[in-house]
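Commentary on secondary and tertiary structure
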Amino acid sequence: MSSLIGTYECKVDAKGRLMLPAALKKQLAPALQNGFVLKRAVFQPCLELYPMAEWEKLMQKINKLNKFKKKNNDFIRRFTAGVKIIEVDATGRLLIPKDLVAFADISKEIVMSSAINIVEIWDKDKYEKAIEDAAGDFADLAEEVMGQDDDDYGIS
């Protein structure tokens, strides 16, 4: 799957349903039939929507962890807590389960933001605050992450 592109503002109805934006739905078209996995983000108060193929790649890595090491077992349990299989209905909507709505503190206005091969789903106010809070540190972060002096543009 190629990288996803775009940030989209959407609305969630009272039942937790949201209509996939047309541009995002088009990018996700190859994955629509296989479904998605929706989970809590590790570092932010948002949700992560994985196309099933991307989730399976991630699970292959996680399955290599030695489950007889307590910290690995603890990580797996916490990483997969609240994970749900999600399907897009015939009208292009997906349902965010209530426990995940509560985790991300999602109200009516949300932002769906591409994050390379997944989509983050944020409450709009929390997304704007996260972007604003990170603005001052972004130049330093960009230099540290991408500013290496090698031929691969700092990516190894």
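If you look the chain up in an unreviewed UniProt entry, it shows as Transcriptional regulator MraZ from Bizionia myxarmorum. In its Subunit (unreviewed entry) section, UniProt records this for the chain: "Forms oligomers." UniProt's Subcellular location (unreviewed entry) comment on the chain is quoted here verbatim: "Cytoplasm, Nucleoid".

**Description of the pattern of salt bridges**
As enumerated under the stated definition, the model contains eleven salt bridges in all. Close ionic contact of Glu9 with Lys124 constitutes a salt bridge, the shortest N to O distance being 3.3 Å. Of this pair, Glu9 sits in strand β1 (residues 7–11) while Lys124 sits in helix α5 (residues 124–146), and the two are 115 residues apart along the sequence. Relative accessible area serves as the criterion here: at 56%, Glu9 is assigned to the exposed category.

**Here we look at the pairing of strand β8 (residues 118–123)**
For a regular strand, side chains alternate in direction, first toward one face of the sheet and then toward the other. Across the six residues that make up β8, a large majority, six, are buried. Neither face of β8 is open: one carries Ile118, Glu120 and Trp122, the other Val119, Ile121 and Asp123, and all of them are buried. In this structure, strand β7 (residues 109–115) lies alongside β8, joined through six bridges in antiparallel fashion. In the strand pairing of β8, Ser113 is matched with Glu120. The loop that links β7 with its antiparallel partner β8 comprises two residues; one of these, Ile116, has a positive phi angle of about 65°.

**A few points about helix α2 (residues 52–62)**
Listed as buried for α2 are Met52, Glu54, Trp55, Met59 and Ile62. Around the axis of α2, the buried residues are gathered within 155° of arc, so they sit on the same side. Facing away from the buried surface of α2 by more than 90 degrees, the exposed residues are Gln60 and Lys61. Summarising the contacts, the buried residues of α2 are in contact with β3 (36–40), β4 (47–51), α3 (70–79) and β5 (84–86).

**Some points on the nonpolar core**
Counting residues in hydrophobic clusters, the biggest one holds 25 residues, and the most contacted among them are Ile96, Ile106, Met112 and Ile121. Listed by contribution, the elements that provide at least two residues to this core are β1, α1 (22–28), β3, β4, α4 (98–104), β7 and β8. At three residues, the largest contribution of residues to this core is made by α4. Dropping the residues within four chain positions of it, Ile106 is found in contact with Val12, Leu47, Ile96, Val101, Ile121 and Asp123. Residues Tyr50, Met52, Ile76 and Ile118 belong to the second largest nonpolar core, which totals nine residues.

**Some remarks on the side chain of Asn72**
The residue Asn72 is located in helix α3 in this model. What Asn72 contacts, discounting residues up to four positions off in sequence, is Leu65 and Asn66.

**Overview of the UniProt feature "domain: SpoVT-AbrB" (unreviewed entry) in the chain**
Listed under "domain: SpoVT-AbrB" (unreviewed entry) in the UniProt record, and renumbered for this structure, are residues 7–54 and 83–126. Within residues 7–54, the helical portion is 21% and the strand portion 38%, while the C-alpha atoms at the span's ends are 19 Å from each other. Annotated as 23% helix and 43% strand, the span residues 83–126 places its first and last C-alpha atoms 21 Å apart.

So, how was this worked out
Residues numbered from 1 in each chain as written. Predicted model: local features only at pLDDT ≥ 70, side-chain atom pairs only at ≥ 80, totals over all residues. Heavy atoms only, no water. UniProt positions renumbered as here; feature names shortened; annotations may be inferred. Salt bridge = Lys/Arg side-chain N within 4 Å of Asp/Glu carboxyl O. Helix = DSSP H or I, 4+ residues; strand = E, 2+ residues; numbered from the N terminus. Buried < 20%, exposed > 50% of the residue type's maximum accessible area, 1.4 Å probe, protein only. Pairing = 2+ DSSP bridges. Arc of directions from axis to C-beta. Contact = heavy atoms within 4.5 Å. Core = buried A, V, L, I, M, F, W, Y, C linked by side-chain atoms within 4.5 Å.

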